[in-house]
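Breakdown of the fold
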Amino acid sequence: MNRDRLYINGRWVAPSSDETIAVENPATEEILGHVPAGTAGDVDRAVAAARAAFDGWAATSMAERGAVLGKLHEALAARAADIARTVGLELGTPLKIAQAVQAGLPLAVLRGYADLAAQPVREETIGNSLVVREPVGVVGAITPWNYPLHQIVAKVAAALAAGCTVVLKPSELTPLTAYLLFDAAEEAGLPAGVLNLVPGTGAVVGAAIAGHPDVDMVSFTGSTATGRAISHAAADRIARVALELGGKSANVILEDADVTKAVRVGVGNAFLNSGQTCTAWTRMLVHRSHYDAAVELAASAAESFRTGDPFDEATRLGPLVSAAQRERVRGFIERADARIVAGAAPVPEKGYFVAPTVFADVDPHSELAQEEIFGPVLSIIAFDDDDHAVRIANDSRYGLAGGVWGSQERALAVARRMRTGAVDVNGGAFNPLAPFGGYKQSGIGRELGVHGLGEFQQTKAIQQ
Ligand code: NAD
């Protein structure tokens with residue numbers, strides 16, 4: 001699965017250095033292949049290509065750009081099976097979930113932007129002003145490994161629809177999936193320079209993008225610590241940043257909830273993608289009257305998760321992405337000062353597996369309840385009434401997502417009080433057209449749908 005080129009100015013080109021990055025299969029610990037370790041010089045070339053392409057691309061109509069995105073969607077959809085397989089190999093997502101989420105979701109998002117761009121452009125009149133929307137410029141996109149294609153497409157599709165040009169640096173842990181998007185881009189005939197790929201490390205390629213004087217906006221998804229570093233780098237030139245960062249989301253199970261369903265769905269949510277999901281409901285808050293039952297249900301639901309080979313149909317929990325990630329998660333489990341009620345299920349010896357783990361009686365102020373663990377670890381906390389639940393839910397420096405279960409009106413009232421960018425009431429389905437993003441240290445800005453498009457636009461007031 002070796003790839004040895006960068007994609008710059010509509011062509012596969014040689015990198016400026018011989019250095020490569022090995023891509024590992026976390027389920028087998030085998031090396032799948034290598035990709036180039038890009039350099040700051042490669043970023044310069046890619047940004048120059050994006051800059052040169054910008055005026056022409058920005059001058060096309062939204063509908064023309066939508067048609068290009070439609071072709072890209074077609075070329076990418078033809079690769080759906082390959083995408084799911086590649087994510088299964090380099091990240092370890094179980095195949096069925098990879099097909100639905102890792103391949104299906106980005107395809108839906110891309111289709112959504114192609115359709116959105118085909119709609120009549122909305123212009124606003126305010127008194128004697130015509131308010132128009134224009135693309136921000138050259139966008140540097142830096143993405144993580146946990147939903148490798150979705151996180152790329154959420155940025156790239158919106159930026160391209162808005163009329164921006166893009167330089168992408170995917171995560172060094174999952175670059176092979178990104179290459180499939182560029183194969184599709186080439187086949188779809190994207191104009192040269194509109195979309196460019198420079199793989200490499202965060203310290204070299206990511207930092208070069210974040211600090212590049214000709215990058216007008218940095219759109220980043222990843223950890224809060226890296227988001228902070230990127231903000232600092234962009235601040236020097238007042239470049240726009242959009243940040244999608246970490247989370248520690250609460251799943252609130254009220255007194256009048258369907259507890260069995262709430263716990264079952266809640267455990268599934270917390271463990272999706274081995275818990276490596278920024279929106280994962282990692283804190284389960286349960287009304288004291290249901291607490292003991294919920295703990296028992298959650299423990300048995302967790303124990304029933306089959307851990308193992310992502311390509312085995314029966315597997316629900318794959319490995320963590322890397323040895324480092326596994327050690328980090330193990331550290332949280334070892335330091336935890338709470339009652340462990342699940343965590344002894346067998347896991348394969350080879351590969352970076354962690355057994356699905358549930359802690360009860362978790363102190364809301366403890367490390368377990370406050371830090372983003374990014375592994376299959378669920379914390380359960382009791383509350384006394386709705387006010388108490390809201391206080392615990394909001395007692396976090398993060399504010400990305402959450403869930404509430406209970407009678408509709410009461411659950412909705414609690415959802416409105418939660419300081420997060422999204423809340424699902426009684427298992428409301430993920431909506432890829434709804435705005436996605438965080439309050440507090442979970443980020444700045446929104447992705448997806450029309451709100452995501454707006455992130456890549458400037459407004460201009462023309463008085464007449
Ligand atoms: P990370 O911050 O380590 O890396 C993300 C990307 O940033 C990678 O491409 C990396 O190479 C790059 N990077 C690292 N250091 C950099 C630097 N100094 N300058 C520029 N770029 C740099 O995060 P990760 O470990 O890949 O991803 C996991 C994190 O992402 C979790 O915290 C998770 O919550 C978060 N996440 C957030 C969302 C969201 O939408 N809010 C979605 C998915 C993941």
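Residues numbered from 1 in each chain as written. Predicted model: local features only at pLDDT ≥ 70, side-chain atom pairs only at ≥ 80, totals over all residues. Heavy atoms only, no water.

One broad rule of soluble globular proteins: the nonpolar side chains tend to lie buried together. Within the largest apolar cluster, 70 residues are counted, with the highest numbers of intra-cluster contacts made by L72, L76, Y113 and L190. Counting contributing residues per domain, this core is built from domain 1 (6-245 + 442-463) and domain 2 (250-431), each supplying no fewer than three. Those residues in contact with L72, other than ones at most four positions away along the chain, are L110, L181, A184, A185, A188 and L190. (Core = buried A, V, L, I, M, F, W, Y, C linked by side-chain atoms within 4.5 Å. Buried < 20%, exposed > 50% of the residue type's maximum accessible area, 1.4 Å probe, protein only. Domains from an automatic or database assignment. Contact = heavy atoms within 4.5 Å.)

If you check helix α11 (residues 323-335), its first and last C-alpha atoms are 18 Å apart, about what 13 residues at 1.5 Å a residue would give, namely 18 Å. Within the span of α11, buried status applies to Q325, R326, V329, G331 and F332. (Helix = DSSP H or I, 4+ residues; strand = E, 2+ residues; numbered from the N terminus. Expected span 1.5 Å × (residues − 1).)

Surveying the vicinity of the ligand reveals 27 residues, the closest of which are Q151, E172, S223, L245 and E372. Here G222 contributes a backbone N or O atom positioned 3.2 Å from an oxygen atom of the ligand. Between the ligand and T226, the relevant distance is 2.8 Å, taken from an oxygen atom to a side-chain nitrogen or oxygen of the residue. When the free accessible area of the ligand is taken as 850 Å², the share hidden by the protein chains comes to 85%. Contributions of two or more residues to the shell around the ligand are made by α7 (202-210), β10 (217-221) and α8 (224-235). The element that contributes the greatest number of residues to the shell around the ligand is α7, accounting for three residues. Along the lines of polarity and charge, the residues of the shell around the ligand split into twelve nonpolar, eleven polar and four charged. Formed jointly, the shell around the ligand draws a minimum of three residues from each of two domains, domain 1 (6-245 + 442-463) and domain 2 (250-431). (Near = heavy atom within 4 Å. Polar contact = N/O pair within 3.5 Å; in protein donor to acceptor, adjacent residues only side chain to side chain. Areas by Shrake-Rupley, 256 points an atom, 1.4 Å probe, with all protein chains shown as cover. Nonpolar A, V, L, I, M, F, W, Y, C, P; charged D, E, K, R; others polar.)

A separate point is unusual backbone geometry. Phi angles above zero are rare outside glycine, and N9 is one such case at about 55°. Structurally, N9 is set in the loop between β1 (6-8) and β2 (11-13). Here N9 falls in the partly exposed class, since its relative accessible area comes to 40%.

Another point: the sheet that holds strand β19 (residues 424-425). Pairing is mixed across the open sheet formed by seven strands, whose spatial order is β14-β15-β16-β13-β12-β18-β19. Looking at strand neighbours, the two that pair on one side only are β14 (339-342) and β19, the edges of this open sheet. Alignment of strand β13 (residues 283-287) against strand β16 (residues 377-383), held across five bridges, turns out to be parallel. Note that in β16 the partner of L285 across the bridge is I381. (Pairing = 2+ DSSP bridges.)

Bringing the domain arrangement of the protein chain into the picture now. Entries for the protein chain in the domain assignment read domain 1 (6-245 + 442-463) and domain 2 (250-431). On a C-alpha basis, the centroid separation for the pair domain 1 and domain 2 is 30 Å. Contact residues are listed per partner, giving 27 residues for domain 1 and 27 residues for domain 2. Across the domain 1-domain 2 interface, the total number found is zero salt bridges. Taken together, the links from domain 1 to domain 2 amount to ten residue pairs in polar contact (both at pLDDT 80 or more). Mapped by element, the contributors of at least two residues to the side of domain 1 that touches domain 2 are α3 (80-90) and α4 (95-118). At five residues, α4 tops the list of elements feeding residues into the side of domain 1 that touches domain 2. (Salt bridge = Lys/Arg side-chain N within 4 Å of Asp/Glu carboxyl O.)

This part is about the pattern of salt bridges. Pairing between side chains of opposite charge can happen when the charged atoms of each approach one another. Scanning the model with the defined rule gives 21 salt bridges in all. One salt bridge connects R111 with D115, and the closest N-O pair in it is separated by 2.9 Å. With R111 and D115 both in helix α4 and four residues apart, the pair spans about one turn of that helix. We note a salt bridge from D361 to R339, for which the minimum N-O separation is 2.9 Å. Separated by 22 residues along the polypeptide, D361 in the loop between β15 (357-360) and α12 (367-370) and R339 in strand β14 bring together distant segments of the chain. If you follow the salt bridges from partner to partner, you end up with E255, D256, D386 and R410 in one network.

Moving on: the sheet that holds strand β6 (residues 129-135). Judged by pairing direction, the sheet is antiparallel, and its three strands sit side by side in the order β5-β6-β22 without closing on themselves. Each edge of the open sheet is held by one strand with a lone partner, namely β5 (124-126) and β22 (457-463). Within the sheet, the average angular offset between the axes of one strand and its neighbour, ignoring direction, is 35°. For β6 and β22, the ladder comprises seven bridges, and the chain directions are antiparallel. Counterpart to V131 in the pairing with β22 is A461. (Axes fitted to C-alpha atoms, helices over the stretch in contact; angles between N-to-C directions.)

Turning our eyes to something else, we now look at the side chain of Q102. Structurally, Q102 is set in helix α4. For Q102, a relative accessible area of 0% gives the class buried. When neighbours within four sequence positions are excluded, Q102 is seen to be in contact with I83, V87, L91, T93, I97, N146, Y147, P148, L149 and N273.

Its location among the elements puts P199 in the loop between β9 (195-197) and α7. Along the chain, P199 and L272 lie 73 residues apart, while their C-alpha atoms are 27 Å from each other. Beyond its immediate stretch of four places on either side in the chain, P199 contacts L6, V35, P36, A37, G38, P170, Y179 and V205.

What follows is about the environment of A78. Along the chain, the position of A78 falls in the loop between α2 (62-77) and α3. Each C-alpha atom of the pair A78 and A184 lies 8.7 Å from the other, and the pair is 106 residues apart in sequence.

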